[in-house]
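As a plain string of letters, each chain reads:
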Amino acid sequence: MMTSTTSLELEGEVAPGRGEGSRFTAIDWVIHEFRNKLGFIPWPGTFNLRMGGTAWDWARERLRAAAGIVITPRDGFCAAKCFGVSIAGHLTGAVVFPEMPDYPDDKFEIVSPLPIRETLGLQDGDLVNLRLDLFPSVRGDAAAA
Ligand SMILES: Cc1cc2nc3c(=O)[nH]c(=O)nc-3n(C[C@H](O)[C@H](O)[C@H](O)COP(=O)(O)O)c2cc1C
Ligand SMILES: Nc1ccn([C@@H]2O[C@H](COP(=O)(O)OP(=O)(O)O)[C@@H](O)[C@H]2O)c(=O)n1
């Protein structure tokens, strides 16, 4: 649902990933990019949600068209586009869309300064409200919304 000209409200289902997120959040240049451009050091790993439905189809097109914040890759890696996101109205982070040709359309991968599952007591299959900032500027002091 569109809540204003700059934010989107969505719902996603907590999902397992491929167990590779912590490999990427441990890379020096990734930590450097997140610290400089988003204002926080990532908690190890990525928190995944599965998205679907017409609201997501519409939002995905808006996100594809928006500039977001670009994580600039080092040699051999792909770039990623980020948007600030509020998770269940309690935590903030950034949703990351790696620019990989086969990246799943229904995957919503969040990098955050805090452990989201543990902090919010979430399990696979739980539904979570998300608010996305189409014109993001995530700050280092914004870990708690
Ligand atoms: C900034 C950033 C850059 C990435 N670049 C690549 C890449 O070049 N190649 C790749 O296979 N995965 C890359 N990934 C990882 C993919 O997003 C991968 O699907 C994900 O981190 C795995 O998460 P999961 O194990 O939670 O599913 C990158 C991730 C991030 C956060
Ligand atoms: N900021 C974060 C990062 C990861 N996580 C969780 O930490 C675990 C490890 O993340 P991961 O990316 O290495 O693994 P998968 O999500 O691929 O299983 C997963 O259960 C994530 O959902 C979290 O709760 N909050």
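Our subject is the structure that appears above.
Note that the coordinates shown come from a computational prediction; the quantities given were computed from them, not determined experimentally. (Residues numbered from 1 in each chain as written. Chains lettered and ligands numbered in written order. Predicted model: local features only at pLDDT ≥ 70, side-chain atom pairs only at ≥ 80, totals over all residues. Heavy atoms only, no water.)

1. Considering the site of ligand 1
(1) Moving on: Around ligand 1, a shell composed of 18 residues is seen, among which Glu 20, Asn 48, Cys 78, Lys 107 and Glu 109 lie nearest.
(2) Moving on: Residue Gly 19 places a main-chain N or O atom 2.9 Å away from an oxygen atom belonging to ligand 1.
(3) Moving on: The pocket occupied by ligand 1, as judged from atoms lying within 2 Å of grid points, is the largest pocket.
(4) Moving on: Within the shell around ligand 1, the residues separate by chemical class into nine nonpolar, five polar and four charged. (Near = heavy atom within 4 Å. Polar contact = N/O pair within 3.5 Å; in protein donor to acceptor, adjacent residues only side chain to side chain. 1 Å grid on protein atoms, 1.4 Å probe; cavity = no way out; pocket = protein on both sides within 12 Å on 5 of 7 lines; lining within 4 Å. Sits in = over half its atoms within 2 Å of the grid points. Nonpolar A, V, L, I, M, F, W, Y, C, P; charged D, E, K, R; others polar.)

2. Describing the site of ligand 2
(1) Moving on: Within the structure, ligand 2 sits among 17 residues, and Gly 19, Thr 46, Leu 114, Ile 116 and Arg 117 are positioned closest to it.
(2) Moving on: A distance of 2.8 Å separates an oxygen atom of ligand 2 from a polar backbone atom of Thr 46.
(3) Moving on: Ile 116 is positioned such that a nitrogen or oxygen atom in its backbone is 2.9 Å from a nitrogen atom of ligand 2.
(4) Moving on: Among the elements of the structure, helix H1 (21-25), strand E2 (47-50) and helix H4 (116-120) are those that each provide at least two residues to the shell around ligand 2.
(5) Moving on: When its residues are assigned to classes, the shell around ligand 2 shows six nonpolar, eight polar and three charged. (Helix = DSSP H or I, 4+ residues; strand = E, 2+ residues; numbered from the N terminus.)

3. Thoughts on the nonpolar core
(1) Moving on: Leu 49, Trp 56, Ile 87, Phe 108, Ile 110, Leu 130 and Leu 132 are the most contacted members of the largest nonpolar core, which has 24 residues in total.
(2) Moving on: Counting only elements with at least two residues in this core, the list comes to strand E1 (7-15), E2, helix H3 (53-65), strand E4 (80-87), strand E5 (91-98), strand E6 (107-111) and strand E7 (127-133).
(3) Moving on: Excluding its chain neighbours within four sequence positions, the residues that come into contact with Phe 108 are Phe 47, Asn 48, Leu 49, Met 51, Trp 56, Val 85, Val 95, Leu 130 and Leu 132.
(4) Moving on: With 13 residues, the next largest nonpolar core counts Ile 27, Phe 40, Ala 80 and Cys 82 among its residues. (Core = buried A, V, L, I, M, F, W, Y, C linked by side-chain atoms within 4.5 Å. Buried < 20%, exposed > 50% of the residue type's maximum accessible area, 1.4 Å probe, protein only. Contact = heavy atoms within 4.5 Å.)

That is the geometry; function is a separate question.
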